[in-house]
Amino acid sequence: MHELGIVEDALEIAFEHARRVDAERIHRVTMRIGAISGVAPDALRFAFDVATRETMAEGSAFEVELVPVRCRCVECESEFAPDGLFYECPACRTLSADILAGREIELTSLEVS
Ligand SMILES: [Zn+2]
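1. Focus: the coordination of the zinc ion
Between any two of four tetrahedral donors, the ideal angle at the metal is 109.5 degrees; between two of six octahedral donors, it is 90 or 180 degrees.
Line of reasoning, step 1. In this structure, Cys73 (SG), Cys76 (SG), Cys89 (SG) and Cys92 (SG) serve as the protein donors to the zinc ion, at separations of 2.3 Å.
Line of reasoning, step 2. Of note is the zinc ion, whose four donor atoms meet at the metal with angles of 101 to 118° in an arrangement that counts as tetrahedral.
Line of reasoning, step 3. Read in sequence order, the donor residues coordinating the zinc ion give the pattern C-x2-C-x12-C-x2-C. Taken together, the positions of Cys76 in the loop between strand S3 (70–73) and strand S4 (79–80) and Cys92 in the loop between S4 and strand S5 (97–101) put the pair 16 residues apart, joining distant regions of the chain.
Line of reasoning, step 4. Classification of Cys92 as partly exposed rests on a relative accessible area of 33%.

See below:
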C-alpha cells in the first residue's frame, strides 16, 4: 500500500525528531496532503493507525490538512483554483497551467513530550 510507505517515511522523521529532543511520546502528527498528490486521506489514516501500533506514537492524534489545487495561468499569470479536471484559466480560457499547490505530501508539525 502506497499510503503505508508514506506514513512510515513520515514516522521515521517523527521518531528521529523525538529522539533528538529526548521526548518519550508523540502526541500529534500533522501532514499536508495535496488534492492531486495521489494520496487518499482515509487510507493514510488507516495506515497511520497500523504503523504507530506499539510505538511511541501509538494513540496519537493524526491530522490531515487537505491542500486544494492552485494554478497559475501561463498566459495571463492569474492564479486560480481549477474546476474539476479542466485546468482552464477563468480570466483568459487558456487550458494549460502551472500547478502551484496540490501535490504536497508533507509532515508539517509534531507534538512530542
Ligand atoms: Zn489566463
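Moving on, there is more to tell.
2. Quick notes on the sheet that holds S3
Line of reasoning, step 1. Pairing in this open sheet of three strands is antiparallel, and the strands run S4-S3-S5 from one edge to the other. One side of each edge strand has no neighbouring strand; the edge strands of this open sheet are S4 and S5.
Line of reasoning, step 2. Two strands pair when backbone bridges link them, and S3 and S5 are joined in this way by four bridges, in the antiparallel orientation. Considered in S5, the bridge of Cys71 is made with Ile99.

3. A word on the side chain of Glu3
Line of reasoning, step 1. Following the sequence through the fold, Glu3 ends up in helix H1 (residues 2–20).
Line of reasoning, step 2. In this structure Glu3 is buried but unpaired, with Arg45 as the nearest side chain of opposite charge at 12 Å.
Line of reasoning, step 3. Once you skip the residues sitting within four places of it in the chain, Glu3 turns out to touch Gly38, Val39, Ala40, Ala43, Leu44 and Ala47.

4. Some remarks on the packing of aromatic side chains
Line of reasoning, step 1. Taken as a whole, this structure holds one aromatic pair when the rule is applied.
Line of reasoning, step 2. Relative to Phe62, the ring of Phe48 lies with its centre 4.1 Å away and its plane at 10°, an arrangement referred to as stacked. Taken together, the residues span a long stretch of sequence, with Phe48 in helix H2 (residues 41–51) and Phe62 in strand S2 (residues 61–67) at a distance of 14 residues.
Line of reasoning, step 3. Of the residues examined, Phe48 reaches a relative accessible area of 2% and is grouped as buried.

5. Observations regarding the sheet that holds S2
Line of reasoning, step 1. Taking strand neighbours across the sheet as the criterion, the three strands line up as S2-S1-S6 in an open arrangement whose pairing is mixed. Edge positions in the open sheet fall to S2 and strand S6 (105–112), since each of these has one partner strand only. Recorded for the sheet is a direction-independent mean angle of 15° between the axes of neighbouring strands.
Line of reasoning, step 2. Two elements, strand S1 (residues 26–34) and S2, share seven bridges in a ladder whose sense is parallel. Across the sheet, residue Thr30 finds its bridge partner in S2, namely Glu63.
Line of reasoning, step 3. Those strands touched by H1 are S1 and S6, and its axis lies near 40° from that of S6.

6. Topic: the side chain of Ser60
Line of reasoning, step 1. Topologically, Ser60 is positioned in the loop between H2 and S2.
Line of reasoning, step 2. Within the structure, the side chain of Ser60 is placed 2.7 Å from the backbone oxygen of Ala57, a separation counted as a polar contact.
Line of reasoning, step 3. Apart from residues lying up to four places away in sequence, Ser60 is in contact with Ile26, His27, Arg28 and Phe48.

So, how was this worked out
- Residues numbered from 1 in each chain as written.
- Predicted model: local features only at pLDDT ≥ 70, side-chain atom pairs only at ≥ 80, totals over all residues.
- Heavy atoms only, no water.
- Donors = N, O, S within 2.8 Å, 3.2 Å for Na, K, Ca; no water.
- Tetrahedral: all angles 85-135°; square planar, octahedral: opposite > 155°, others 65-115°.
- Helix = DSSP H or I, 4+ residues; strand = E, 2+ residues; numbered from the N terminus.
- Buried < 20%, exposed > 50% of the residue type's maximum accessible area, 1.4 Å probe, protein only.
- Pairing = 2+ DSSP bridges.
- Lys, Arg positive; Asp, Glu negative; His and termini not counted.
- Salt bridge = Lys/Arg side-chain N within 4 Å of Asp/Glu carboxyl O.
- Contact = heavy atoms within 4.5 Å.
- Phe/Tyr/Trp six-rings, centres within 6.5 Å; stacked < 30°, edge-to-face > 60°.
- Axes fitted to C-alpha atoms, helices over the stretch in contact; angles between N-to-C directions.
- Polar contact = N/O pair within 3.5 Å; in protein donor to acceptor, adjacent residues only side chain to side chain.

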